[in-house]
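A structural walkthrough
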Amino acid sequence: MQFMLRDSRARILITNQPQLDETQVLSELNGSLSITPCILDDLVFEMRLSLYPDTPIEPQERVRAVSGDNLAYLIYTSGSTGTPKGVGNTQANVCALACSPSFCTVQPGNTLLQLASVAFDAATFEIWGALLNGATLAIAPAGKLDLLDIQDTIRAQSVDTLWLSAGLFAEAAHTQPELFDGIRQLLAGGEALSPHAIETV
């Protein structure tokens with residue numbers, strides 16, 4: 001986390017008090033960065049937010065005009081091949097991925113499961129792919145889930161569109177293939193898929 005804050009030259013850290021206490025990010029940075037913490041569950045911060053109007057931001061209030069070239073987010077690679085690298089995705093990139101994707105059908109009547117961590121770029125497709133196309137977004141329960149938990153969620157929420165990492169896909173295909181019952185569109189990636197797992201499903 002310290003590396004990402006330094007490398008991205010972040011100016012604001014949005015967090016909550018338990019996370020701030022757990023990571024001790026600000027104290028460990030030893031004042032080497034000028035970061036303003038926005039602690040969402042802090043009463044003073046909540047009071048400051050309440051003073052702002054709840055109406056949409058007007059164009060004249062923005063620092064600069066909004067366009068598809070504006071950066072939406074930075075996501076960092078794992079660093080498994082060396083130093084983690086920050087990859088910038090623009091608003092247009094997100095729209096190209098999520099709006100009417102060419103690799104699957106996401107429309108009203110579909111239900112897409114949001115299973116990936118929001119720190120993983122697959123969550124961008126899961127969340128915005130559903131919301132920007134009128135599909136239903138099913139949110140997986142919080143906490144560490146096993147395959148049975150995922151299967152129960154799929155059935156309870158009538159999920160028909162699912163994205164899994166290659167490793168999780170292979171594990172489910174080999175040990176719990178019934179998880180895929182009712183899934184009409186299965187997306188998997190991140191690395192090469194197991195041909196045997198594909199044949200099993």
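Check the entry above for the structure.
All of the points below concern the structure found in this document.

Attention shifts here to the pattern of salt bridges. Taken as a whole and judged by the stated rule, the model has one salt bridge. A salt bridge links Asp181 to Arg155; the nearest nitrogen and oxygen atoms lie 3.9 Å apart. Of this pair, Asp181 sits in the loop between helix 8 (166-175) and strand 8 (185-189) while Arg155 sits in helix 7 (residues 147-156), placing them 26 residues apart in sequence. Using a relative accessible area of 46% as the deciding quantity, one classes Asp181 as partly exposed. Residue class for Arg155 comes out partly exposed when judged on its relative accessible area of 47%.

Here we take up the nonpolar core. With 17 residues, the main nonpolar core has Leu113, Ile150, Ile154, Val159, Leu162, Leu179 and Phe180 as its most contacted residues. Ranked by residues supplied to this core, first place goes to helix 8 with four residues. Beyond its immediate stretch of four places on either side in the chain, Leu162 contacts Leu112, Leu113, Ile154, Leu179, Phe180, Ile183, Gln185, Leu186 and Leu187.

Think of a pair of aromatic rings as described by two things: how far the centres are apart, and how the planes are tilted against each other in angle. The tally for this structure, following the rule as stated, stands at four aromatic pairs. With a centroid separation of 5.4 Å and an interplanar angle of 50 degrees, the aromatic rings of Phe103 and Phe125 are classed as tilted. Taken together, the residues Phe103 in the loop between helix 5 (91-98) and strand 5 (111-114) and Phe125 in helix 6 (residues 122-131) connect sequence positions 22 residues apart. In this structure Phe125 comes out as buried when scored by relative accessible area, which is 4%.

As a further point, take the state of the cysteines. Enumeration over the complete set of coordinates arrives at zero disulfides. No disulfide involves Cys104; its sulfur sits 12 Å from the nearest other cysteine sulfur, which is in Cys99.

Once that is clear, we can look at the environment of Leu162. Within the secondary structure, Leu162 is located in strand 7 (residues 161-165). Given the relative accessible area of 0%, Leu162 is considered buried.

Buried within helix 8 are the following residues: Ala166, Phe169, Ala170, Ala172 and Ala173. Projected onto a plane normal to the axis of helix 8, the buried residues spread over an arc of 165 degrees and lie on a single side. Where helix 8 is buried, its residues contact helix 7, strand 7, strand 8 and helix 9 (195-200).

This part is about the pairing of strand 7. For strand 7, the tally of buried residues reaches four of five residues, placing the bulk of the element in the interior. Remark: the strand 7/helix 8/strand 8 crossover connection has right-handed handedness.

With that out of the way, let us pick up the layout of surface pockets. Taken as a whole, the largest pocket spans an internal volume of roughly 910 Å³. The set of elements that each furnish at least two residues to the lining of the largest pocket consists of helix 1 (2-8), strand 1 (12-15), helix 2 (17-23), strand 3 (71-76), helix 5 and helix 6. Per-element tally for the lining of the largest pocket: the top contributor is strand 3, with five residues. Its residues assigned to classes, the lining of the largest pocket shows 23 nonpolar, seven polar and one charged. Along its surface, the second largest pocket is lined by Gln114, Leu115, Ala116, Ser117, Ile139, Ala140, Pro141, Ala142, Gly143, Leu145, Ile150 and Leu168. Taken together, the residues that form the lining of the second largest pocket break down as nine nonpolar, three polar and no charged.

Contact geometry for helix 5 and helix 6: axes closest at 9 Å, N-to-C directions at 75 degrees. Relative to helix 6, the element helix 5 lies roughly perpendicular. Facing helix 5, whose interface residues are Val94, Leu97 and Ala98, helix 6 presents Thr124, Phe125, Trp128 and Gly129. Taken together, the residues that form the contact of helix 5 with helix 6 break down as five nonpolar, two polar and no charged.

Here we come to unusual backbone geometry. Positive phi is not limited to glycine here, since Arg9 has a value of about 55 degrees. Relative to the helices and strands, Arg9 resides in the loop between helix 1 and strand 1. Backbone geometry places Ser158, a non-glycine residue, at a positive phi of 55 degrees. Of note, Ser158 is situated in the loop between helix 7 and strand 7.

Cut-offs and rules
- Here the residue numbering is sequential within each chain, running from 1 through the sequence in written order.
- Totals for whole chains, interfaces and linings use every residue, but because this is a predicted model, local features are given only for residues with pLDDT of at least 70 and side-chain atom pairs only at 80 or more, for both listing and counting.
- Excluding hydrogens and water, the side-chain figures rest on all heavy atoms present in the structure.
- Criterion for a salt bridge: a side-chain nitrogen of Lys or Arg within 4 Å of a carboxyl oxygen of Asp or Glu.
- Strands here are runs of E lasting at least two residues and helices are runs of H or I lasting at least four, both read from the DSSP assignment and numbered beginning at the N terminus.
- For every residue, the accessible area (1.4 Å probe, protein chains only) is compared with the maximum for its type, and the residue is labelled buried under 20%, exposed over 50%, or partly exposed between those bounds.
- Nonpolar cores are built from buried Ala, Val, Leu, Ile, Met, Phe, Trp, Tyr and Cys residues. Side-chain atoms within 4.5 Å join them into one set.
- By definition in these notes, contact holds between two residues if any of their heavy atoms fall within 4.5 Å.
- In this scheme Phe, Tyr and Trp rings, the latter by its six-membered ring, pair at centre separations within 6.5 Å, and the angle between planes marks the pair as stacked below 30 degrees, edge-to-face above 60, and tilted otherwise.
- The disulfide criterion used throughout: a pair of cysteine sulfur atoms within 2.5 Å.
- Regarding the arc, it is the one traced by the directions from the helix axis to the C-beta atoms.
- Crossovers are marked right-handed if the path from the first strand over the helix to the second runs clockwise, as seen with the strands pointing away from the viewer.
- Cavity and pocket criteria rest on a 1 Å grid covering protein atoms alone: a 1.4 Å probe that fits but cannot get out defines a cavity, protein on both sides within 12 Å along at least 5 of 7 lines defines an open pocket, and an atom within 4 Å of a point defines a lining residue.
- Grid points are joined across faces, edges and corners, and a volume is the space filled by probe spheres set on the points.
- Amino acids outside the nonpolar list (Ala, Val, Leu, Ile, Met, Phe, Trp, Tyr, Cys, Pro) and the charged list (Asp, Glu, Lys, Arg) are all regarded as polar, and Gly is one of them.
- A fitted line through C-alpha atoms represents every axis, and for helices the fit uses only the stretch in contact; the resulting angles, taken between N-to-C directions, go from 0 to 180 degrees.
- An angle counts as roughly parallel when it lies under 35 degrees, as roughly antiparallel when it exceeds 145, as roughly perpendicular when it falls between 65 and 115, and as oblique in every other case.

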